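Summary of the model geometry
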Amino acid sequence: MKGIILAGGTGSRLYPLTKVTNKHLLPIGNKPMIYYPIEKLIAAGIDEILIVTGTEHMGDVVNLLGSGKDFGCRFTYKVQDEAGGIAQALGLAENFVGDDSMTVILGDNIFQTSLEEAVNAYPGIGAQIMLKEVEDPERFGVAEVDNDRIVSIEEKPDQPKSNLAVTGMYMYDAKVFDYIRTLEPSDRGELEITDVNNHYVAEDAMRFSVMDGWWTDAGTPKSYKRANELVSSDTE
């Protein structure tokens, strides 16, 4: 199992905080944001980790993280030349992953629960995503489920079919790269991870679990503030 942290994007919603640094280097509690997904992967037994980030602040990311020696893991780095979506960023990991399976975390996802149980439950084939019940599902990709099956995933629907948001934690087999190559850009001009996930849904190869504990992204001023509050309350 390889680990991948997607830490690119412009961070425009957090401007001007992101004018001089990558969003994922901003502090959450007493640590840079990117430390949290790294620590979750390592605690789940994953010690080969690829960091994908943009060109502008790659040097800062490498200077902060180094080889991985200080974390007890090994880092590899890939540059996403331009913001082309989560799926495009994931596509850069193909040579790193090879024929292995992978756990992918969006670098601005901050959450309480351990990944160990989900990683151990993943059979190594197909896909597995983590869902979370939220009060505002229209902000996220939303999963419609039927017992233990995901029926569909809709991106930011006006009328959500459930309150189960697709969080930024995904487990895939190497077939994910074949699916990425078939994608067309969305109306936003990006390759969407929801389209990747729906390929697995169509093949009846998508598993899921519902997260315990709190979860938030940290990509907007409001959610960034919430992430700091949640982490602070967890360490008091």
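Here we summarise the structure given alongside this text. Quick caveat, the model's predicted, so the values are computed rather than measured. (Residues numbered from 1 in each chain as written. Predicted model: local features only at pLDDT ≥ 70, side-chain atom pairs only at ≥ 80, totals over all residues. Heavy atoms only, no water.)

So, on to the packing of aromatic side chains. As enumerated under the stated definition, the model contains seven aromatic pairs in all. With centroids separated by 5.5 Å and ring planes inclined at 70°, the aromatic side chains of Phe71 and Phe75 adopt a geometry described as edge-to-face. Classification of Phe71 as buried rests on a relative accessible area of 19%. Put simply, the rings of Tyr35, Phe71, Phe75 and Tyr77 pair up and form one aromatic cluster. (Phe/Tyr/Trp six-rings, centres within 6.5 Å; stacked < 30°, edge-to-face > 60°. Buried < 20%, exposed > 50% of the residue type's maximum accessible area, 1.4 Å probe, protein only.)

Taken as a whole and assessed by the stated rule, the structure comprises 14 salt bridges. Here Glu48 and Arg74 are joined by a salt bridge, their closest N and O atoms 3.6 Å apart. Here the residue Glu48 occupies a position in strand E4 (residues 48-54), and Arg74 occupies one in strand E5 (residues 74-80), the gap between them amounting to 26 residues. You can call Glu48 partly exposed: its relative accessible area is 29%. Of the charged contacts in the structure, one is a salt bridge between Arg149 and Asp204, with a shortest N-O distance of 3.5 Å. Taken together, the positions of Arg149 in strand E10 (residues 149-155) and Asp204 in the loop between helix H7 (193-202) and strand E12 (206-210) put the pair 55 residues apart, joining distant regions of the chain. Here Arg149 falls in the partly exposed class, since its relative accessible area comes to 36%. Members of the salt-bridge network, linked through shared partners, are Glu94, Asp178 and Arg181. (Salt bridge = Lys/Arg side-chain N within 4 Å of Asp/Glu carboxyl O. Helix = DSSP H or I, 4+ residues; strand = E, 2+ residues; numbered from the N terminus.)

So, on to the nonpolar core. Counting 34 residues, the largest nonpolar core has Ile4, Leu90, Met102, Tyr172, Val176 and Val196 as the members making the most contacts within it. When near neighbours in sequence (up to four residues on either side) are disregarded, Tyr172 contacts Leu90, Ser101, Met102, Val104, Tyr122, Gly126, Ala127, Ile193, Val196, Asn197 and Tyr200. Counting residues in each nonpolar core, the second largest holds 30 residues, with Leu25, Ile38, Met169 and Met171 among its members. (Core = buried A, V, L, I, M, F, W, Y, C linked by side-chain atoms within 4.5 Å. Contact = heavy atoms within 4.5 Å.)

The element strand E8 (residues 127-133) is largely enclosed, with a buried count of six among its seven residues. Of the pairings in the sheet, the one linking E8 to E12 comprises five bridges and is parallel in character. Across the sheet, residue Ile129 finds its bridge partner in E12, namely Phe208. (Pairing = 2+ DSSP bridges.)

In this section: helix H2 (residues 58-65). Listed as buried for H2 are Met58, Val61 and Leu65. Mapping the buried residues of H2 onto a view down its axis gives an arc of 65°, with all of them on the same face. Looking at the packing, one finds that the buried side of H2 touches helix H1 (35-43), E4 and E5. Gly66 lies just past H2 and shows a positive phi near 65°. (Arc of directions from axis to C-beta.)

Buried within H1 we find Tyr35, Tyr36, Pro37, Ile38, Lys40 and Leu41. Note on H1: the residue one or two positions beyond its end, Gly45, has a positive phi of about 90°.

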